[in-house]
Amino acid sequence: MEFRFECISAKKLIGLKLNMSLSSNHTFELWKEFMSRLNEIPNPVNSSLYSLQVYNSSYFSNFNPDNTFDKWALVEVENLDLIPEGMFNFELPAGNYVVFTYKGKASEGQKVFEYIFTKWLPQSGYILDERPHFEILGEKYSNVKTDSEEEIWIPIKGSN
């Protein structure tokens, strides 16, 4: 699987969020509402969408599919001057990431995350940083096509 390392600057984002768990996953509902309101967001930087997760500090060390996290559907914006009613702003902090390019059906993406967290990360010499995890859904993304493409951004810091 292709990957690269990136250091990003802080980003301003606007969108919607839901608290959920893997066992009670409401991603479809979140994105359905977000996409129906996407045109309300002023000053988008580009057409890429962010699927972002904020986990608490013990989420991965005490993993349980019932553990909750905040899931966001977002778009990057030039500024946070106008936030549509019922939406929220999110400021993604700067930091280092390993970025995996996933090609395939979205429904099979779980295998990629399994590989990242059980194989790649333990062997990499890096450790997870306590910052948001996200996927960038660009022009080549489709939630049903087999040739869909997305980027998976995992926050990392120095070696363990």
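Relevant structure appears above.
Thresholds, definitions, all that
- Residues numbered from 1 in each chain as written.
- Predicted model: local features only at pLDDT ≥ 70, side-chain atom pairs only at ≥ 80, totals over all residues.
- Heavy atoms only, no water.
- Helix = DSSP H or I, 4+ residues; strand = E, 2+ residues; numbered from the N terminus.
- Buried < 20%, exposed > 50% of the residue type's maximum accessible area, 1.4 Å probe, protein only.
- Contact = heavy atoms within 4.5 Å.
- Expected span 1.5 Å × (residues − 1).
- Bend = angle between axes of the 7 residues up to and from the residue.
- Salt bridge = Lys/Arg side-chain N within 4 Å of Asp/Glu carboxyl O.
- Pairing = 2+ DSSP bridges.
- Arc of directions from axis to C-beta.

(A) Local environment of the overall build of the chain. Within the chain, the secondary structure is distributed over two helices and nine strands. If you list the helices and strands of the chain from N to C, you get β-β-α-β-β-β-β-α-β-β-β. Overall, the chain is about 45 × 30 × 30 Å in size when its C-alpha atoms are taken along their principal axes. Within the chain, buried positions represent 38% of all 160 residues. Restricting the contact set of the chain to residue pairs at least 6 apart, pairs at least 24 apart contribute 77%.

(B) Region of interest: helix α2 (residues 110-124). Between the first and last C-alpha of α2 there are 20 Å, a value that for 15 residues agrees with the 21 Å anticipated at 1.5 Å per step. For α2, the principal kink sits at I116 and spans about 40 degrees. Listed as buried for α2 are V112, I116, W120 and L121. Looking at the residues trailing α2, positive phi occurs at G125, about 90 degrees.

(C) Spatial organisation of unusual backbone geometry. A positive phi angle, close to 60 degrees, is found at N43, a residue other than glycine. Looking at the secondary structure, you find N43 in the loop between α1 (27-37) and β3 (44-54). Residue classification places N43 among the partly exposed positions, given a relative accessible area of 32%.

(D) Representation of the pattern of salt bridges. In the structure shown here, the tally under the stated rule is six salt bridges. Across the pair R4 and E151 runs a salt bridge whose closest N-O atoms are separated by 3.0 Å. A residue pair is termed long-range when its members are at least 10 positions apart, and R4 in strand β1 (residues 3-8) and E151 in strand β9 (residues 149-159) qualify at 147 residues. Linked through salt bridges whose partners overlap, the residues forming this network are R4, E6 and E151.

(E) Local environment of the pairing of strand β8 (residues 133-137). Counting buried residues along β8, five of its five residues qualify, which places the element largely inside the surrounding structure. Of the two faces of β8, both are covered, the one formed by H133, E135 and L137 as well as the one formed by F134 and I136. Examined bridge by bridge, β3 and β8 share five bridges and lie antiparallel to one another. Bridge pairing in β8 links S51 to E135.

(F) Representation of α1 within the structure. Burial in α1 covers these residues: L30, W31, F34 and R37. The arc enclosing the buried residues of α1, seen along the axis, measures out at 130 degrees, which places them on a common side. The exposed residues of α1 that point more than 90 degrees off its buried face are F28, K32 and S36.

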